[in-house]
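Coordinate inspection notes
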Amino acid sequence: ILVDEVEKAHPQLRTFFLSILDRGTTTDNKGRILNLANAIVFFTSNLGYSDLQQRSAPIGYGDEAARWAGADADVRSDLRRALSPEFMNRVRMIHFGRLSQTSAERILDLEFERIARRYREVHDLELVLDPVARHELLARGFSPAFGARRLAATLEGVCNVAISQRIRLDDRRGPKDSEAIVAWLRDLRQGARPFDPNEVRREVLAQVRARLDYTVLRISFRNGAFVYDPEGSRA
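Note that residues are indexed from 1 along each chain, following the sequence as it is written. Totals for whole chains, interfaces and linings use all residues, but because this is a predicted model, local features are given only for residues with pLDDT of at least 70 and pairs of side-chain atoms are given and counted only at 80 or more. Calculation of side-chain values draws on the structure's entire complement of heavy atoms; hydrogens and water are dropped beforehand.

With that settled, the discussion passes to the overall build of the protein chain. Only DSSP runs of H or I with at least four residues qualify as helices, and only runs of E with at least two residues qualify as strands; both kinds are numbered from the N terminus onward. A tally of regular secondary structure across the protein chain gives nine helices and seven strands. Across the 235 residues in the protein chain, those meeting the buried criterion constitute 29%. Contacts are assigned to residue pairs with any non-hydrogen atoms lying within 4.5 Å of each other. Across the protein chain, every contact between residues at least 6 apart in sequence was considered, and the portion connecting residues at least 24 apart equals 60%. For every accessible area listed, the method is Shrake-Rupley and the probe measures 1.4 Å; residues are considered covered only by the protein chains on display. Taken as a whole, the protein chain presents about 15,800 Å² of accessible surface, with 53% of it coming from carbon and sulfur. Relative accessibility thresholds used throughout: buried, under 20% of the residue-type maximum; exposed, over 50%; partly exposed, between the two (1.4 Å probe, protein chains only).

What follows is the structure in structure tokens.
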């Protein structure tokens, strides 16, 4: 059982969980005893990690681990002030490790590959992210204080929306190409053609695939802006 952001829940909900955390049982509104002895209950909370605290680096000359340990102690104090002693004495606190730079790089690679795979399958277009652009994406989307929350949105704008706009400008398809697929789908819907899911997928992909003069689009960062350089030539 997972209760997300338990500090925002009604106090009666936390009271309800006291007997479960203590004895592993509770009674429903019909007087039946519910046994949760084999259940694991998780509560998450963001208490103590306010914007002000996240922006303020720990003060002192200790190493990074010691400073963050002090910050974790402050978080525990905030939790104990906000939540009742009866509740806190029945739970075990676990601090999630903060995302490291290495973890953020792995997240970026996974998210970029997800976007690149879609362009590879739909448009037969390979996306390449050069090191400078990769570094800039990390700088914009990740910070030790806020984690990688903005990373996916940053990648979506730079590596998906902007590339879609570039492909739309470079696409050599004409209006008749769109009319052909609409007519084909209309015949299919009216029963004039036999329905084959694999054939439909192949036909739709073939029609929506952009006709480009290049096979690779390299994402670079120059003069304070992301740049999209086409490479390779289609025979």
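Moving on, we get to the pattern of salt bridges. A side-chain nitrogen of Lys or Arg and a carboxyl oxygen of Asp or Glu constitute a salt bridge if their distance falls within 4 Å. Here the structure, examined in full by the defined rule, presents 13 salt bridges. Notably, a salt bridge pairs Glu113 with Arg117, separated by 3.9 Å at the nearest N-O pair. Highlighted residues: Glu113 and Arg117, both in helix H5 (residues 101-123), separated by four residues, approximately one helical turn. A salt bridge links Asp229 to Arg222; the shortest N-O distance between them is 3.0 Å. Residue Asp229 is classed as partly exposed on the basis of its relative accessible area of 22%. Taken together, the shared-partner salt bridges connect Glu113, Arg117, Arg120 and Glu126 into one network.

What follows deals with the confidence of the model for the protein chain. The predictor attaches a confidence to each residue, called pLDDT, with possible values from 0 through 100. Per-residue confidence for the protein chain gives a mean pLDDT of 82, with 85% of residues at or over 70. Here residues 51-56 is a poorly scored stretch, pLDDT under 50, and it has six contacts once near neighbours within four places are set aside; other chains count.

The backbone of Glu5 sits at a positive phi, close to 50°, despite the residue not being glycine. Residue position: Glu5 is located in the loop between strand S1 (2-3) and helix H1 (11-23). The backbone of Asp124 shows a phi angle near 55°, a positive value even though the residue is not glycine. In this structure, Asp124 sits in the loop between H5 and strand S5 (126-129).

The next thing to look at is helix H7 (residues 151-170). Multiplying one less than the number of residues by 1.5 Å gives the expected span of a helix. For H7, built from 20 residues, the straight-helix expectation of 28 Å at 1.5 Å per residue is met to within 8% by its first-to-last C-alpha distance of 27 Å. Roughly 30° is the biggest bend found in H7, and it falls at Gly157. Three or more residues of H7 are buried, namely Leu151, Thr154, Leu155, Val158, Cys159, Asn160, Ala162, Ile163 and Ile167. Residues of H7 that are buried make contact with H5, S5, helix H6 (131-141), strand S6 (216-222) and strand S7 (225-231). Each residue is assigned a bend, namely the angle between axes fitted to the seven residues that terminate at it and the seven residues that start at it.

Bringing the side chain of Arg14 into the picture now. In this fold, Arg14 is placed in helix H1. Despite its burial, Arg14 pairs with no opposite charge, the nearest such side chain being Glu7 at 7.1 Å. At 3.0 Å, the side chain of Arg14 and the backbone oxygen of Val6 are in polar contact. Leave out the neighbours within four places in its chain, and Arg14 touches Val6, Glu7, Ala9, Leu83 and Phe87. The convention is simple: Lys and Arg are positive, Asp and Glu are negative, and His and the chain ends are not counted. Whenever two N or O atoms come within 3.5 Å, that pair is a polar contact, provided that in protein one can donate a hydrogen and the other can accept it, and provided that, for residues adjacent in sequence, both atoms are side-chain atoms.

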